[in-house]
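The lines below spell out each chain.
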Amino acid sequence: MIRYPQTLSLTAVVVLAVSCSLPVLRESPLVPAVRDEAAVPPSNPSSFVRVDFHRAPPRAGCPPSGCRKPTLKTLAVAHQPAADSSWQPQRAIAKLLNEPHSVAGPAAMTETAAAIAPQRRVPVEPIERELNFYFRYADATLAPDARDKLNDALRNRASLHRVSIRGRTDGLGASPANQRLALARANAVRQHLLSRDPSLATLIEVEARGSCCYVAPNATASGRALNRRVEITFVHQDSDA
């Protein structure tokens with residue numbers, strides 16, 4: 001004889017016992033509780049990104065180099081009041097810069113400005129070096145000590161910008177002869193410089209004026225010796241200026 005009522009009662013008791021034990025199992029340490037990821041705010045919002053825009057937005061971690069960083073524009077927009085028609089981004093940015101703990105504070109802004117600001121070099125004044133070489137009467141031969149001084153002046157060839165050579169004579173003799181003598185003395189200096197460095201041809205300027213531009217009286221022998229000369233100016237200029 002089959003007793004169906006008792007079997008149904010036993011089944012109902014088993015189902016009821018299982019249903020009552022489910023909350024205990026879900027909160028058990030062995031079974032972690034299931035929580036809504038969207039309802040739990042992340043501990044570091046800048047370290048999470050949206051990966052699904054069609055459903056409830058789950059979050060996933062991102063590497064530090066791939067996370068988005070706040071800028072002055074986003075910070076200014078974040079500080080905009082909900083309903084304020086007088087809000088100005090310039091004032092919001094200025095306020096952010098003055099905040100002591102702002103990520104875009106004065107120190108960070110100074111480093112950024114220094115990195116992107118164009119660097120202007122201060123113009124360097126040219127350096128001039130004057131040399132005077134003296135000659136014997138009616139002679140255009142360059143003395144050995146003058147050659148040594150010219151060689152020493154060419155040590156800074158990289159910064160040499162211009163060489164100016166001016167030939168002079170004393171007041172004795174006719175002007176045409178003195179003009180030719182002044183030019184011969186200037187050319188003697190020019191030829192020696194070119195023998196040391198032929199590329200100086202584009203930098204050398206030659207001027208010759210006889211019976212002119214005296215630095216001492218021609219009435220004495222010592223004065224005339226000072227007037228028989230070649231004046232040389234080496235102009236050095238920084239090439240990066």
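One structure accompanies this document, and this report is about it. In this numbering scheme, every chain counts its residues from 1 along its sequence in written order. Confidence filtering applies because this is a predicted model: local features only for residues at pLDDT of at least 70, side-chain atom pairs given and counted only at 80 or more, and all residues used for totals across whole chains, interfaces and linings. Calculated side-chain values reflect all of the structure's heavy atoms, with hydrogen atoms and water omitted.

## Focus on the sheet that holds strand β6 (residues 229–236)
- Pairing within the open sheet is mixed, and its four strands lie in the order β3-β6-β4-β5. Of all the strands in the sheet, just β3 (127–134) and β5 (204–208) have a single pairing partner and so form its edges. Along the sheet, successive strands turn relative to each other by an average axial angle of 15°, direction set aside.
- At least two DSSP bridges between two strands are needed for those strands to be called paired. A helix here means a DSSP run of H or I that spans at least four residues, while a strand means a run of E at least two residues long, and both kinds are numbered starting from the N terminus. Relative to β5, strand β4 (residues 160–167) is paired through five bridges, and the arrangement is parallel. Each residue of the ladder has a partner; that of Ser164, found in β5, is Glu205.
- The criterion used for residue contact is that any of the two residues' heavy atoms lie within 4.5 Å. Fitting a line to C-alpha atoms yields each axis, with helices limited to the stretch in contact; the angle taken between N-to-C directions then spans 0 to 180 degrees. Across the face of the sheet, helix α5 (residues 144–153) comes into contact with β3 and β6 while running at roughly 170° to β3.

## Concerning the pairing of β6
- When a residue's accessible area, from a 1.4 Å probe over protein chains only, is under 20% of the maximum for its type it is buried; when over 50% it is exposed; and in between it is partly exposed. With respect to burial, β6 is a largely interior element, eight of its eight residues being buried.
- Side-chain alternation along β6 places Arg229, Glu231, Thr233 and Val235 on one buried face and Val230, Ile232, Phe234 and His236 on a second face that is also buried.
- With eight bridges connecting them, β3 and β6 associate as antiparallel partners. Bridge pairing in β6 links Glu128 to Val235.
- With seven bridges joining them, β4 and β6 adopt antiparallel strand pairing. Across the sheet, Ile165 pairs through a bridge with Ile232, a residue of β6.

## Notes on unusual backbone geometry
- One non-glycine residue with positive phi stands out, namely Ser211, at about 55°.
- Tracing the chain through its elements places Ser211 in the loop between β5 and α7 (221–227).
- Its identity is not glycine, yet Cys213 carries a phi of approximately 55°, on the positive side.
- Its location among the elements puts Cys213 in the loop between β5 and α7.
- With relative accessibility at 32%, the residue Cys213 sits in the partly exposed group.

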